[in-house]
Amino acid sequence: MMQERRDDPPRLIEVAFPLKQASLDSVHEKNVRHGHISTLHIWPARRPLAACRAALIATLLPDPGNDAERRQLLEKLGGVVKAKDTFKNVDGRKVPVLQEHTDGGILHWGREDSADLEFFRLEIKKAFGGRAPRVLDPFAGGGAIPLEAMRLGCEVTAIDINPVAWFILKCTLEYPQRLAGQTRPLPSFAVESPEFMKRFLKSAGKGTKAQPRGKEEAAQSRMFEVPESDLSGHVRAWGHWVLERARNDLERFYPTVEGKPTVAYLWARTVTCKNCRATLPLLKTLWLCRKDNKRYRLDIKRRPDKSGVDFDVVAEPVVGGNAAQRRAHDRRVGQGTMSRSGAWCPVCGGPNTVAMTRDDIQADMKEQHASGRVGSQMTAVVVQGQRGKEYRPPMPEEIRAAHDAVAEIEDVFKEVPFGLPEEQIQIDAKGSTWCVRYGFDQWYKLFTPRQLVALGTFVKHTRAAREAMQAEGYSPEWVEALSAYLACTLERLASYSSTLCLWVLKEFIGQTFTRFALPITWDFAEVNPLGNTTGNFAGAIDWVALYIAHALACVDRSPRPETLQQSATEKVRGLFEIVLTDPPYYDAIPYSDTMDFFHVWLRRTLHGLSPEIDETFRQPIGPKWDHERNDGELIDDACRFGGDNDRSRAAYEDGIFRAFRSCHDALTPEGRMVVAFANKQPEAWETLVSSIIRAGFVVAASWPIQTERTMRMRAHESAALSSSVWLVCRKRAETARPGWNTQVLEEMRSRIYDRLRTFWDAGIRGPDFVWAATGPALEAYSKHPVVKKADEPNAVLTVSEFLHAVRRIVVDYVVGRVLSQDGESTEAEALDNPTIYYLLHRHDFGLAEAPVGACILYAQSCSLRDRDLVDRYDLLAYGKSRAAAEEQLEDAGESSEEETATSGSTMRLKRWEQRRRRDSGLPVSSRRATLIDQIHCIMHLWKDGDAQRVDTYLEQQGLRRKPVFPNVMQALIELARKDNQADEVSLLESIMNHISARGVHPQMRLMHTDDVSGEEAEDG
Ligand SMILES: C[S@@+](CC[C@H](N)C(=O)[O-])C[C@H]1O[C@@H](n2cnc3c(N)ncnc32)[C@H](O)[C@@H]1O
């Protein structure tokens, strides 16, 4: 625990945190939609509001100083954790699971406006002498942190370098705060439109918790009194205005056939078959819909003239067999023309042949772009029938309508500032925008001609709405806010209107950014923007209006926020009590390269709205790196440094350091900085911690909050852990002096056990236990500007070396718990590293799949590499997640081989009988046996019925003289029991009985000096 200064008592977060509650409610929040910040505008890596709220409150409030009050405060904040038995569907089977949830507190979505929030607002004010504390977020992105700070009544400054993020911040924070509490009569065109009023009244009360019964009638009666509304109602009204004008212009491009409204058109990109010159449609899957009770797929029909194929829609019945057989059947009948190696031609070839390799397809598509004749074929149309969505082949007039749009593009974009979005799509070193490789290298190329006409038309009318608002007497403040929200609506539409949008087999359209990349899609779905289902303009208005309604109620009591588009490395005006931020993380997310998608549309839509907006969007795309100023977007992307990885990494690390330095300057002497890091590779994490310390901070605490659903797509393909670690820092005294390694390590050791016990008793386990211990341990190190090595002149103890020592203590502590059946023991110190790893991993994850990030962390803590645990020690195997991810992507209609080809993201411990080298515990083995090898070897010998060889082996290996041996055996029995491995339990027990029956129970023996332990055992 941090040392207390009289004038600067510890904050709650430096002592305790409602970790489980914040994690549960953060994960839950991913499922909520109505009114949530994420529905206003897409921004990558938005932190959950629950986590931000918990971190802010716990940082703003002092620790009460005693257990009882602290417990009470934590409960008021996070509520209590409850569990209920429920079932999960796994491969068609119902598997029982225990589901935890919170009860009470103010973190859960929907409880943020409970009476207790007011309690916290008042307490926060009290803690700051009756005024609103000032909070800075220099990497504010989509605005989760500043929004929560405003909810708590703080004075907020939110900064981001990206103009799109800056614009989102204005819409998230600034406009609602300015216009909260204001209402005005709805414009007459809205009140006079029965269609609008119906929709408007239906929406009344939506997104707020208390929905009065019979709300429609109640609202209707209000309507006849005064048709007044707040900002959200006016956004609905002007959204309707734009939609009606766009409908007039666009309706002819979306013909309704047989009275059934069109939901979407499904397309396949085409190439020319190298062998037979037929038009070859590229399809990842033939499935159109695959639900338990509804299954349709495309049927390919070769044209008699062999020029290409046509499509039919057929119902596909469920076949018998077990789950695996059914899956295999579905894969076979749904197999599209695309495979990992290329495409087969339905005219001259068959499935499992390759007519066009990936390279051929790339070359063909590039040629298409160069000649301006980009190939695609409509495969099916989704329409809204009486009983749900229906699928049918396209009608000639539908195909014609799509082609008619080509002639309109030029005219439409004549009226749009900056014309067609011809700006280049940037390529990063990771290849996140790999559509470029196929010739999709300018933004407009990501849209069909009809999508361009539609978006251009919506831009035109959104812009025209401004003048109409002025004519209706709206003030400039209202006009700006309303126009900005209409632009958000258009952005939502754009996100659902590119050729990267896929038809999801659960019957909805996926948006462009299902992950933050620009992949190549083979087949895609084109939404009807005038329709009534997901992705259309009317729905977009609803989502935007719902957020505004939420925001108006939550930021109404905070002072006016400041939103700045600048680099976090720059000096910020004023002093702040709290910096709470979530910086970009090396090359994890290509923010500006992907978000330029929105930049190009916003720049066109907003142009002329205000001098500030024009100035911010003066460049055609978002800022990258300015070599002259040595500043820009902080991302480790070698493409911005002529392919030089070292320069790129150094620029990122230096930039992050300068940003932390700037935060240091912006903080009051008693201020706190809390930094959330997505926790990936321990080495990279250590570099960031070093920057924080170098910038003048003492790290006092760290809390790993689970903020992501573990099954999200990206998590499968990268080594991303499901948690982010929130580091709590305070300013180091100017007078702090260099420390000495011996002293610092001693101080860390003397303090850490106390924290470890507290965390253990609080039920923190697994990698979280390691991360939670890291912060308090770092305090001993970071309170010195530098820590020198006493025994090596001029050498310093690096953060990495220090953290290694910390993690080793933490790991030994956990393994000590395992060996002593939850007591405390120092026996782990006598074990070799791979055995420690085995016990730790087995204790935390059993034989199930474990996140690779956790395995790397544990391996490093045991001075091992994860790869060695696979290859050299044969203890770990890569998990199944790759296969699972591929299946999941296929289900979603994904076509991203490039991504799934990366390594799996889980690992699992091998069972003793699965280890491939049966002899690894024998003296003939090429490396010295570890204890876990020896035990597994004994198990093999025993299973073979060779008691004599077991005895000889025990003697030869000196195991009877090893005091820790019986405890490891006992621990393995318990772990196997926990994993329901009855055979393993009985095998280990019979070996133990055999050893005891020989009357030479190892525990009775004195410890021998020739025991093999630690490094010695492995390296031999
Ligand atoms: C992890 S995100 C922040 C997400 C945010 N906490 C949220 O909830 O949406 C990091 C942000 O840093 C921004 N960024 C990158 N370089 C920057 C710089 N030099 N100055 C300010 N912001 C920068 C990116 O644009 C991105 O929005």
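This text goes with the structure placed above it.
Just so it is clear, the structure is predicted and the values come from calculations on it, not from any experiment. (Residues numbered from 1 in each chain as written. Predicted model: local features only at pLDDT ≥ 70, side-chain atom pairs only at ≥ 80, totals over all residues. Heavy atoms only, no water.)

K.L.:
So what exactly am I meant to see when it comes to the overall build of the chain here?
P.N.:
Of the regular secondary structure elements, the chain holds 35 helices and 30 strands. A burial count over the chain gives 60% of its 1020 residues as buried. Approximately 40,900 Å² of the chain is accessible, and the part contributed by carbon and sulfur atoms is 49%. (Helix = DSSP H or I, 4+ residues; strand = E, 2+ residues; numbered from the N terminus. Buried < 20%, exposed > 50% of the residue type's maximum accessible area, 1.4 Å probe, protein only. Areas by Shrake-Rupley, 256 points an atom, 1.4 Å probe, with all protein chains shown as cover.)

K.L.:
How should the side chain of Thr448 be read in this particular structure?
P.N.:
Checked against the element boundaries, Thr448 lands in the loop between α14 (409-414) and α15 (449-471). A polar contact is formed between the side chain of Thr448 and the side chain of Glu526, at a distance of 3.3 Å. Other than its neighbours up to four places away in sequence, Thr448 contacts Thr499, Phe524 and Glu526. (Polar contact = N/O pair within 3.5 Å; in protein donor to acceptor, adjacent residues only side chain to side chain. Contact = heavy atoms within 4.5 Å.)

K.L.:
How should the sheet that holds strand β30 (residues 906-909) be read in this particular structure?
P.N.:
Sheets are built from strands paired through backbone hydrogen bonds, the pairs being either parallel or antiparallel. With antiparallel pairing, three strands are arranged side by side in an open sheet as β28-β30-β29. The outermost strands of the open sheet, each flanked by one partner alone, are β28 (850-851) and β29 (876-878). In this sheet, β30 lies alongside β29 in antiparallel orientation, the contact comprising three bridges. Among the inter-strand pairings, Ala877 is bridged to a residue of β30, identified as Arg908. In the packing of helix α26 (residues 833-845) onto the sheet, contacts are made with β28, β29 and β30, and the angle to β30 comes to roughly 110 degrees. (Pairing = 2+ DSSP bridges. Axes fitted to C-alpha atoms, helices over the stretch in contact; angles between N-to-C directions.)

K.L.:
Is there a simple way to explain unusual backbone geometry in this structure?
P.N.:
Negative phi characterises most residues that are not glycine, and trans characterises most peptide bonds. Even without being a glycine, Lys306 presents a positive backbone phi close to 60 degrees. By the secondary structure assignment, Lys306 is in the loop between β10 (294-302) and β11 (309-315). In this model, Asp874 sits at a positive phi of 55 degrees, which is unusual for a non-glycine residue. Take Asp874: it is sitting in the loop between α28 (866-871) and β29.

K.L.:
Would you mind showing me how to read the packing of helix α6 (residues 163-179) against helix α17 (residues 537-554) here?
P.N.:
For any two helices packed against each other, one specifies the crossing angle of their axes together with the interaxial distance. Interaxial distance between α6 and α17 falls to 9 Å at its minimum, and their mutual angle equals 60 degrees. For the element pair α6 and α17, the recorded crossing hand is right-handed. Between α6, through Cys171, Thr172, Pro176 and Leu179, and α17, the contact on the second element is made entirely by Tyr547, Ala551 and Leu552. (Left-handed = near helix turned anticlockwise from the far one by under 90°.)

Limitation: the analysis is restricted to geometry and does not speak to function.
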